[in-house]
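A structural walkthrough
Here are the chains, one letter per residue:
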Amino acid sequence: WREGVGGGGDRGAIEKTGAATHIAAMRISLILALLLLAAAPAQADFAAGQAAREKRDFAAAAKEWQPEAEKGEVRSMVGLGELYLRGDGVKEDPRTAADWFKRAADKGYAEGQFAYGQLLRDGNGLRRDLRAAAEMFLKAALQKNFNAQFALGRMYELGQGVDQDDVKALAWYMISRDSGNPFADERATRLSLEMSAESIAASEKLAKDIPAKGAKL
């Protein structure tokens, strides 16, 4: 009989544990639902801005993106920065564009890092800084942004902001190509024609290692 009583106690404990787990799961579901509801307006406003830009209604795009960018929505930051860079729907202002790109870059957004890196490389809207540009490209490249991967390869090929290094240049072109950049394959082919078989093999190994192990300048 004691065994039977003990079994009932165990069942009660199991039922209490199950109820507590169920309540915890419900709370998590509620939190996730609230987070999704909070994110929905930002996604809708970004999409509205994107649709306006595709229709070439740049002023409407700026109107949609401005408040979201100010709230910290990174896609809107980059979109707004692009409008200021080109003077689409707003007064052309590369400095303001650079500010929005930097804000997105500081949040770790690859598109923002690449865009800000371009302005640093070209000295557009801010003082030219090739080393800082290469650092921005590297951050975005490690997030599989194929434009940044290609840009970093170009900097290694030309020795801009980094030591000139054809092996690293070719490796980044290969990585960019494998990430889906249709222009990287041609650049990789041209550069490889000027390199030894040993150097090409080193680039191929590096291109395999970087996605798995990361890279530094």
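Residues numbered from 1 in each chain as written. Predicted model: local features only at pLDDT ≥ 70, side-chain atom pairs only at ≥ 80, totals over all residues. Heavy atoms only, no water.

Okay, the overall build of the protein chain next. For the protein chain, the count of helices and strands is 10 helices and 0 strands. Each helix and strand of the protein chain, ordered N terminal to C terminal, gives the series α-α-α-α-α-α-α-α-α-α. Every one of the 217 residues in the protein chain was classed for burial, and the buried ones make up 35%. Residue pairs at least 24 apart in sequence account for 48% of intrachain contacts in the protein chain once pairs closer than 6 positions are excluded. (Helix = DSSP H or I, 4+ residues; strand = E, 2+ residues; numbered from the N terminus. Buried < 20%, exposed > 50% of the residue type's maximum accessible area, 1.4 Å probe, protein only. Contact = heavy atoms within 4.5 Å.)

On to helix α6 (residues 130-141), then. An ideal rise of 1.5 Å per residue puts 16 Å on 12 residues; α6 measures up with 16 Å between its terminal C-alpha atoms. Along α6, the residues that are buried comprise A132, A133, A134, M136, F137, L138, A140 and A141. Those residues of α6 that are buried are in contact with α4 (94-106), α5 (110-122), α7 (146-158) and α8 (166-178). Residue D129 occupies the N-cap position of α6, its side-chain oxygen lying 3.3 Å from the main-chain nitrogen of R131. (Expected span 1.5 Å × (residues − 1). Polar contact = N/O pair within 3.5 Å; in protein donor to acceptor, adjacent residues only side chain to side chain.)

Now for the packing of aromatic side chains. By the definition in use, this model includes 3 aromatic pairs. With a centroid separation of 5.8 Å and 25 degrees between ring planes, the pair formed by F46 and W65 is classed as stacked. Separated by 19 residues along the polypeptide, F46 in helix α1 (residues 2-54) and W65 in helix α2 (residues 58-71) bring together distant segments of the chain. One exposure class covers both F46 and W65, and it is buried. With a centroid separation of 5.2 Å and 45 degrees between ring planes, the pair formed by F150 and Y173 is classed as tilted. With F150 in helix α7 and Y173 in helix α8, the pair connects residues that are 23 residues apart, well separated along the chain. Just above the ring of W100 sits the side chain of R103; from NZ or CZ to the centre is 4.3 Å. (Phe/Tyr/Trp six-rings, centres within 6.5 Å; stacked < 30°, edge-to-face > 60°. Lys NZ or Arg CZ within 6 Å of the ring centre and 35° of its normal.)

Below, the discussion takes up the environment of D93. Mapped onto the elements, D93 comes out in the loop between α3 (74-86) and α4. We classify D93 as partly exposed; its relative accessible area is 27%. Put simply, D93 and L83 are 10 residues apart on the chain and 8.9 Å apart in space, counted from C-alpha to C-alpha. There is a polar contact of 2.7 Å between the side chain of D93 and the side chain of T96.

A word on the nonpolar core. Nonpolar side chains tend toward joint burial in soluble globular proteins. With 52 residues, the main nonpolar core has L80, L83, F101, Y116, F137, L152 and W172 as its most contacted residues. Looking at which element gives the most residues to this core, the answer is α6, with 8 residues. Setting aside residues no more than four positions away along its own chain, L80 makes contact with A62, W65, Q66, A69 and W100. (Core = buried A, V, L, I, M, F, W, Y, C linked by side-chain atoms within 4.5 Å.)

A few words now on the packing of α3 against α4. Viewed as axis vectors pointing N to C, α3 and α4 meet at an angle of 165 degrees, and their least axial separation amounts to 8 Å. Judged by the inter-axis angle, α3 sits roughly antiparallel to α4. Helix-helix and strand crossings are classified by hand; for α3 and α4 the assignment is left-handed. Where α3 abuts α4, its residues V74, M77, V78, L80, G81, E82, Y84 and L85 lie against P94, T96, A97, W100, F101, R103 and A104. (Axes fitted to C-alpha atoms, helices over the stretch in contact; angles between N-to-C directions. Parallel < 35°, antiparallel > 145°, perpendicular 65-115°, else oblique. Left-handed = near helix turned anticlockwise from the far one by under 90°.)

Close contact between α8 and helix α10 (residues 197-213) brings their axes to 8 Å; oriented N to C, the two are set at 55 degrees. Compared by their axis directions, α8 and α10 come out oblique. The handedness of the crossing between α8 and α10 comes out as right-handed. The residues of α10 that touch α8, namely those facing D166, V167, K168, L170, A171, W172, M174 and I175, are S199, I200, A202, S203, E204, L206, A207, I210 and P211. Partitioning the contact of α8 with α10 into residue classes produces 12 nonpolar, 2 polar and 3 charged. (Nonpolar A, V, L, I, M, F, W, Y, C, P; charged D, E, K, R; others polar.)

Any functional reading would require information that these geometric values do not contain.
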